[in-house]
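A look at the structure
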Amino acid sequence: MQTNADVANVKEEDYSKLEALLESRLPKSGMLYNVLRLTQSLNIGNKISVKFYADNHCQEMWSLDSDGTFMGAINILGLPRNIIVFSGPPTGSTQETVAALLSALDWSQEIQFEGVDTSISPTLVEVALKYGSVNQNDPIGLYYMTREEALAILSEKDQISISNSNIRASSLHPSDAHMVQDRWPEKVDGYLEMLQASIELCSSGGVYIVDDVNKSVPDRLVSFAVALPFGSIHAFHTEPDQRRKGFGKLTMKVLAKNIALAGRIPLVQIYEDNDNSKAINVGIGFKYSHKIFLITFRPNKAE
């Protein structure tokens, strides 16, 4: 990543100002807000590192009515691509602003753009095609829940159900990343490392079946979801033989509460045709925010 006259590197001492600005734009700014909140909790030398950039032409950058656009560049140890998250003003980002921020990127490697607003995606795709190919440009709905709602999401009925059954609802263990990767249809280099880092440093939730008779039998993980470093929930899955038992809803409730306890906003990306995921997540309190795009870039091979 390189800054230039059009792009400013957000200094660590300005993170609190950026946080206040992003908080004023919630829920649309939720993904970059979550990335920033995660960054503030990380120690030096962790598996996840993030740098933040701002449009240098923005007037009164830290004013709550600022028209600034901001970009977070996430590097995860073992993942051979950068992940980029944007947040623009409610009125939308200009082509000039987006192009300026994109000029700071290293286009010689694969890049995954998450949570891209509709005002940003056309310019992003146009610029990306100058350097290589766009492999995904998928429209997705972003759904959110407030921290206050998430903190209170586990009802007394949920608590009684857990205590009176042979299940355990909790965060995942980093060793569970192997099972999560195995169940996920997309096999991407470095995905296991990202899952392990996410379970360890971000938030997760799962339901385990406990063998009350034979204590030596390991608890069986039957439903899980993981909050990834770019600010939203992914890898939501319930084993086929354990569906229609409420485990999926319970998993998402546990994860939403864990995210809120960490000071972040529960967010989930749902493809427009995924009616089952919509039903589960809307059913527990997630609300639609806006349409975003997942865009993946692959550079041209050197001749």
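Below is a short write-up of the structure.

Cut-offs applied
Residues numbered from 1 in each chain as written. Predicted model: local features only at pLDDT ≥ 70, side-chain atom pairs only at ≥ 80, totals over all residues. Heavy atoms only, no water. Buried < 20%, exposed > 50% of the residue type's maximum accessible area, 1.4 Å probe, protein only. Helix = DSSP H or I, 4+ residues; strand = E, 2+ residues; numbered from the N terminus. Pairing = 2+ DSSP bridges. Salt bridge = Lys/Arg side-chain N within 4 Å of Asp/Glu carboxyl O. 1 Å grid on protein atoms, 1.4 Å probe; cavity = no way out; pocket = protein on both sides within 12 Å on 5 of 7 lines; lining within 4 Å. Points joined across faces, edges and corners; volume = space filled by probe spheres on them. Nonpolar A, V, L, I, M, F, W, Y, C, P; charged D, E, K, R; others polar.

**Considerations on the pairing of strand 9 (residues 220–227)**
- Within strand 9, seven of the eight residues are buried, which leaves the element mostly enclosed by the surrounding structure.
- Pairing between strand 8 (residues 203–209) and strand 9: seven bridges, direction antiparallel. Bridge pairing in strand 9 places I209 opposite R220.
- Note that strand 9 and strand 10 (residues 233–238) share four bridges and pair antiparallel.

**Concerning the pattern of salt bridges**
- Applying the stated criterion across every chain yields a total of 12 salt bridges.
- In this structure, the salt-bridge partner of R81 is E110, at a minimum N-O distance of 3.2 Å. Note that R81 is positioned in the loop between strand 3 (70–76) and strand 4 (82–87) and E110 in the loop between helix 3 (95–102) and strand 5 (111–116), a separation of 29 residues in sequence.
- Given a relative accessible area of 14%, R81 falls into the buried group.
- For E110, a relative accessible area of 26% gives the class partly exposed.
- Of the charged contacts, one joins D219 and R168 as a salt bridge, the two residues approaching to 3.1 Å between their closest N and O atoms.

**Quick notes on the layout of surface pockets**
- A volume near 1200 Å³ is recorded for the largest pocket.
- Taken together, 46 residues form the lining of the largest pocket, with W184, H234, A235, F236 and N274 sitting closest to its centre.
- Where the lining of the largest pocket is concerned, the elements lending two or more residues are strand 5, strand 6 (132–144), helix 8 (191–201), strand 10, helix 9 (247–261), strand 11 (267–271), helix 10 (275–283) and strand 12 (287–299).
- Counting residues per element, the lining of the largest pocket draws most heavily on strand 10, at six residues.
- Counted by class, the lining of the largest pocket contains 21 nonpolar, 15 polar and 10 charged residues.

**Section: unusual backbone geometry**
- Of the consecutive residues L26 and P27, the connecting peptide bond is found in the cis state with omega at 5°.
- With respect to the helices, strands and loops of the structure, P27 is situated in the loop between helix 1 (15–24) and helix 2 (30–41).
- Positive phi, normally seen in glycine, also occurs at A235, with a value near 55°.
- Here A235 falls in the buried class, since its relative accessible area comes to 0%.
- A positive phi angle, near 65°, is found at R244, a position not held by glycine.
- Owing to a relative accessible area of 87%, R244 belongs among the exposed residues under this scheme.

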